[in-house]
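Below are the chains, spelled out letter by letter.
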Amino acid sequence: MNSTSTHPTSKTDADLPLSGAAGLPQRLQSLDTLRGFDMFWITGGEELVAALAAATGWGWLRGMEEQLTHPAWHGFHAYDLIFPLFIFMAGVSTPFSFDSRLAKGFSRSRLARKAIQRGLILVALGVIYNNGLFRTDYETTRFASVLGRIGLAGMFAQLIYLYSPKKLLYVWLAVILIGYWLFMAFYPVPGCGAGLFTMECNPASYFDMQFLPGRLYKKIHDPEGLMSTIPAIATGLLGIMAGQVLRIKTNELSENRKVLTLAGIGVVCIVLALLWNMVFPINKNLWTSSFVLLVGGLSFLLLSLFYWVIDVLDIRRWTFFFIVIGMNSIVIYMAHEFIDFEYTANALFGGLLEHLSDPAKAVGATLAYIMVQWALMYVLYRNKWFLKV
């Protein structure tokens, strides 16, 4: 990994990072904003909603608080979108980065090496995030991780994009999603049989118990396991398809038509997901094919909305708060595990908060926690320190 001192709005298409982590040109400021909006909810956004719901008792906030949790197994809450949306957005930047570099004479093998390097680095960072450095032995190390899935899913999606004819991307998408469904529905798990999608009896968890080294997050199941990473590749492919739409020249497809195209694809994906849910339940833990289509559809809709507001209507002033977060999304994710932001927030604002009522104190403490994190990201942003993988 390395940092760059180049301001993101000065980049050309050829300078775009493979990860999209250091920003896109200004006309796609929507992507950095959406990335920051996505990360906001896991860096204090959900705690803020919970504190506000407790302080006010408002029903709509209670409903929102419920949506910012994960279902026990089957089903979907808005919080389930955060992780796959990040994979989707990494895919969106791929056509910009790869096509520009290929046009400038970069070889496919060179880009492939970069994609593989990034994927493996994210796997390593995920292991460090889960276990720290040299703190656990091999048997108790958790190798599966959120960052590992982002790295592997993005890597394979990018390799497919590099070496497969563009018209076959939809074929790859269908093969991955249908193939995973058939595997999950018809592979007989020893002692359970076929067609069960419970935590105890499903092929993905069974294969992870057999082949994934170290410990599983839930002993008999890991939500970021090996088998369920395969359909996550399709999530990256959906992002790549969205990037292809955005990269079409304006004289071939107007900005407003791009917005409608993205939204239309999103609606189709959601309808297909709800239909598939009847036989293959929407389930984030198993990253089912219906889940891929649902979160992919919602990602298309969110991207179309952000793109329309920011890049088409040019309404940008509100984006700065989220851009500061989105420009260093991996940094804030890793820092959240290793830096005690709560201690710093309490040291700076604890005395002031003591004068408030308990409900107001909880809201204030959460706001302080969010702003301390944001302040660190702002320092990095002002100094143009952007972590690239």
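Residues numbered from 1 in each chain as written. Predicted model: local features only at pLDDT ≥ 70, side-chain atom pairs only at ≥ 80, totals over all residues. Heavy atoms only, no water.

Turning to the packing of helix 6 (residues 169–186) against helix 10 (residues 289–312), a few remarks are in order. Look at helix 6 against helix 10: their axes get within 9 Å of each other, and the N-to-C directions meet at 145°. Seen from helix 6, the contacting residues are L177, Y180 and W181; seen from helix 10, they are S289, V292 and L293. Looking at the contact of helix 6 with helix 10, its residues break down into five nonpolar, one polar and no charged. (Axes fitted to C-alpha atoms, helices over the stretch in contact; angles between N-to-C directions. Helix = DSSP H or I, 4+ residues; strand = E, 2+ residues; numbered from the N terminus. Contact = heavy atoms within 4.5 Å. Nonpolar A, V, L, I, M, F, W, Y, C, P; charged D, E, K, R; others polar.)

Among the structural elements, E224 can be located in the loop between helix 7 (203–211) and helix 8 (229–247). Polar contacts involving the side chain of E224 include one to the side chain of R142, which spans 2.7 Å. Residues contacting E224, with those up to four places away along its chain left out, are F83, R142, A144, S145, V146, R149, T229 and K284. (Polar contact = N/O pair within 3.5 Å; in protein donor to acceptor, adjacent residues only side chain to side chain.)

On to helix 8, then. Residues separated by three or four positions in an α-helix point in the same direction, a consequence of the helix having 3.6 residues per turn. The terminal C-alpha atoms of helix 8, which comprises 19 residues, lie 27 Å apart, in line with the 27 Å expected from a rise of 1.5 Å per residue. Taken across its 19 residues, helix 8 has 16 buried, putting it largely inside the fold. (Expected span 1.5 Å × (residues − 1). Buried < 20%, exposed > 50% of the residue type's maximum accessible area, 1.4 Å probe, protein only.)

This part is about the state of the cysteines. Considering all chains together, one arrives at one disulfide under this definition. What pairs with C192 in a disulfide is C201, and their sulfur atoms sit 2.0 Å apart. The chirality of the disulfide connecting C192 with C201 is left-handed, given an S-S dihedral of about -55°. The exposure class of C201 is buried, given its relative accessible area of 15%. (Disulfide = S-S within 2.5 Å.)

Bringing the confidence of the model for the protein into the picture now. Detailed reading of the predicted coordinates is not advisable wherever pLDDT falls low. Here the protein averages 89 in pLDDT, while 93% of its residues score no lower than 70. pLDDT under 50 marks residues 1–26. Its contacts with residues more than four places away, or in other chains, come to 81 contacts. (pLDDT = per-residue confidence, 0-100.)

It is worth spelling out the side chain of S97 at this point. When you line up the elements, S97 lands in helix 3 (residues 82–103). Overall, the relative accessible area of 0% leaves S97 in the buried class. At 2.5 Å, the side chain of S97 forms a polar contact with the side chain of R101.

Before going further, it helps to examine the pattern of salt bridges. Counted according to the given criterion, the structure contains 10 salt bridges. Between R142 and E224 there is a salt bridge, with its nearest N and O atoms 2.7 Å apart. With R142 in the loop between helix 4 (108–131) and helix 5 (146–163) and E224 in the loop between helix 7 and helix 8, the pair connects residues that are 82 residues apart, well separated along the chain. Comparing R142 with E224 shows no difference in burial state: the two are buried. Measuring nitrogen to oxygen at the nearest pair gives 3.6 Å for the salt bridge that ties D311 to R316. Accessibility assignment for this pair places D311 and R316 in one class, buried. Each member of the salt-bridge network shares a partner with another, and the members are R142, D222 and E224. (Salt bridge = Lys/Arg side-chain N within 4 Å of Asp/Glu carboxyl O.)

Going through the model one piece at a time under the given rule, you end up with 31 aromatic pairs. Judged by centre distance (6.4 Å) and plane angle (50°), the rings of F98 and Y161 are tilted. Here F98 is found in helix 3, whereas its partner Y161 is found in helix 5, with 63 residues between them in sequence. Neither F98 nor Y161 differs from the other in exposure class; each is buried. When the centroid spacing of 5.2 Å and the interplanar angle of 45° are considered together, the rings of F197 and F280 count as tilted. Residue F197 is found in the loop between helix 6 and helix 7, and its partner F280 is found in the loop between helix 9 (255–276) and helix 10; the two are separated by 83 residues along the sequence. Assessed through its relative accessible area of 12%, F197 is described here as buried. The exposure class of F280 is buried, given its relative accessible area of 0%. Each member of the aromatic cluster is reached from another via a ring pair, and the members are F37, F40, W41, F306, W318, F320, F321, F322, W374, Y378, Y381 and F386. (Phe/Tyr/Trp six-rings, centres within 6.5 Å; stacked < 30°, edge-to-face > 60°.)

With that settled, the discussion passes to the packing of helix 3 against helix 10. Axis angle and axis distance: for two packed helices, these are the angle between their axes and the distance between the axes, and together they describe the pair. Contact pair helix 3 / helix 10: the axes reach a minimum separation of 10 Å and the direction vectors enclose 60°. In terms of axis orientation, helix 3 runs oblique to helix 10. Considering the relative orientation of helix 3 and helix 10, their crossing is right-handed. On helix 10, the residues that touch P84, L85, F88 and V92 of helix 3 are F291, V295, G296, S299, F300, L302 and L303. (Parallel < 35°, antiparallel > 145°, perpendicular 65-115°, else oblique. Left-handed = near helix turned anticlockwise from the far one by under 90°.)

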